[in-house]
Amino acid sequence: MASPLLPNEPRIPDEQREQALTVRFLSPALAALESLFLALRGELDPALRQARPVKQGKPFPLGQCLEISQAVQRQLQQLDPATLGGEAAQGYRALAAFMKHGGNVRQVWGDLRGEYFQNAFLIGTLYVDVANDTVDPAKPPVEVLPFAASRLVPVADYRHFARVAARYWQARVYPNHLLPELAPFFPLITVTAAGFVQLQAASNYMIALTLAGAFHPAETVLAEAPKNASLFGLLRQRLASQPCALPVALAAHPEAGRAAALAMCQAYREQGMAEDAQRRDAAVKAVLRVNGELARFTVVASGGEVAGRSCPQ
């Protein structure tokens, strides 16, 4: 029996049924379907570019596959088909007929070809990437192909996540021994090539992955030895110096943080915290606060030591 589908997991539960609906409604209209999503991107891009012209030092659309995918999803839900013409209108009619007959449309996220994380849509058995230009802006904005040919796969665990992060973001990845209370939910810290630091991973899929495993997935990477005392000290100093107190405590030093993080995994497991939606929501709010503070500065490495510098507001 297949495991329950996680949020945004790139997997088709009832492939035979979805394939039949895809062949009936979508396959004859692939070009029109692509035209529909290109039209939506054309409408949305100016506002999206204005809202966030740069993300972590990269100009729009680079690195904004989530923002673009979510905007397209919202636009599609509130779209007035009378505003469409030509092939885009034909694509919308095909999609509407597919959905009317029970076809599934889901936003998904995963490891694309071992090279980077990507948000896309699973529409029946089609992979529809409406943010295909967010890694290489020279690529077409929209890509439609059979899901089996896309090579988008679920992230299996945090080591898998770390491998892709290292390649995609040229990131250094460390166990989160800094904030033990958050570590069972967010067990990694990434430092990108540009020096941006974040706790990982604040996505529905990765949170659901560790909850489904009763925090064992997080525990596996948290058990690793502390890797960079200099970085730990810098991040601790930065977060401790904030005028407003953080919602969670900072570990005193890496070894203490490792022990406390592992103890938290065990305690959360024993307390049934994996089924506690309120505790999950509190952890998400806390990590958003911490990541917001971390986004205000970058880390510069030199000779094995690190230093921080504030980002311009």
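Before reading on, note that the structure itself is shown above.
What you see is a predicted model; the values in this text were computed from it and never measured. (Residues numbered from 1 in each chain as written. Predicted model: local features only at pLDDT ≥ 70, side-chain atom pairs only at ≥ 80, totals over all residues. Heavy atoms only, no water.)

Student: Could you give an account of the sheet that holds strand S10 (residues 197–200), naming the residues involved and the relevant values?
Tutor: Spatially, three strands are ordered S8-S9-S10 in an open sheet, and the strand pairing comes out antiparallel. The sheet is open, and its two edges are formed by strand S8 (172–175) and S10, each paired on a single side. Averaged over all neighbouring strand pairs, the angle between strand axes comes to 25°, with direction disregarded. For S8 and strand S9 (residues 188–191), the ladder comprises four bridges, and the chain directions are antiparallel. The residue of S9 that forms the bridge with Tyr174 is Ile189. (Pairing = 2+ DSSP bridges. Helix = DSSP H or I, 4+ residues; strand = E, 2+ residues; numbered from the N terminus. Axes fitted to C-alpha atoms, helices over the stretch in contact; angles between N-to-C directions.)

Student: An account of the packing of helix H2 (residues 30–51) against helix H4 (residues 86–100) is needed here, citing residue identities and associated values.
Tutor: With their axes 7 Å apart at the nearest point, H2 and H4 run at an angle of 110° to one another. Looking at the two axes, H2 sits roughly perpendicular to H4. Every residue of H4 that contacts H2 at Ala31, Ala32, Leu33, Ser35, Leu36, Phe37 and Ala39 is listed here: Glu87, Ala88, Gln90, Gly91, Tyr92 and Leu95. Per-class residue counts for the contact of H2 with H4 are nine nonpolar, three polar and one charged. (Parallel < 35°, antiparallel > 145°, perpendicular 65-115°, else oblique. Contact = heavy atoms within 4.5 Å. Nonpolar A, V, L, I, M, F, W, Y, C, P; charged D, E, K, R; others polar.)

Student: Which residues make up the side chain of Asp133, and what values do they have?
Tutor: Here Asp133 lies in the loop between strand S5 (126–129) and strand S6 (143–146). Asp133 gets classed as buried once you look at its relative accessible area, which sits at 7%. Polar side-chain contacts of Asp133 include one of 3.0 Å to the side chain of Arg41. Those residues in contact with Asp133 that sit more than four places away from it in its chain are Arg41, Pro61, Leu62, Lys139, Pro140 and Pro141. (Buried < 20%, exposed > 50% of the residue type's maximum accessible area, 1.4 Å probe, protein only. Polar contact = N/O pair within 3.5 Å; in protein donor to acceptor, adjacent residues only side chain to side chain.)

Student: Outline the environment of Pro46, supporting the account with residue identities and numerical values.
Tutor: Residue position: Pro46 is located in helix H2. When its relative accessible area of 48% is taken as the criterion, Pro46 is described as partly exposed. With 53 residues separating them along the chain, Pro46 and Met99 place their C-alpha atoms 29 Å apart.

Student: Now, about the sheet that holds S6: what can you tell me, with residues and values included?
Tutor: With antiparallel pairing, the five strands of this open sheet are ordered in space as S6-S5-S4-S3-S7. Only two strands of the sheet have a single neighbouring strand rather than two, namely S6 and strand S7 (152–153). Contacts between helix H3 (residues 65–77) and the sheet are confined to strand S3 (105–112) and strand S4 (116–123), with S4 contributing the most and set at about 15° to the helix.

Student: Hey, could you go over the packing of aromatic side chains for me, with residue numbers and the actual values?
Tutor: With the rule as written, the count across this model stands at twelve aromatic pairs. Judged by centre distance (5.5 Å) and plane angle (45°), the rings of Tyr116 and Tyr168 are tilted. Here Tyr116, found in strand S4, pairs with Tyr168, found in helix H6 (residues 158–168); they are 52 residues apart in sequence, far enough to count as distant. A residue is classified by how much of its surface remains accessible, and Tyr116, at 7% relative accessible area, is buried. Assessed through its relative accessible area of 14%, Tyr168 is described here as buried. The interplanar angle of 25° and the centroid separation of 4.8 Å between the aromatic rings of Phe117 and Phe161 together place this pair among those described as stacked. (Phe/Tyr/Trp six-rings, centres within 6.5 Å; stacked < 30°, edge-to-face > 60°.)

Student: Tell me what's going on with the nonpolar core, and back it up with residues and numbers.
Tutor: Counting residues in hydrophobic clusters, the biggest one holds 66 residues, and the most contacted among them are Phe161, Leu179, Leu182, Phe185, Leu199, Met206 and Leu235. Core analysis: the next-biggest nonpolar cluster, separate from the first, contains 28 residues, Leu26, Leu36, Cys65 and Val142 among them. (Core = buried A, V, L, I, M, F, W, Y, C linked by side-chain atoms within 4.5 Å.)

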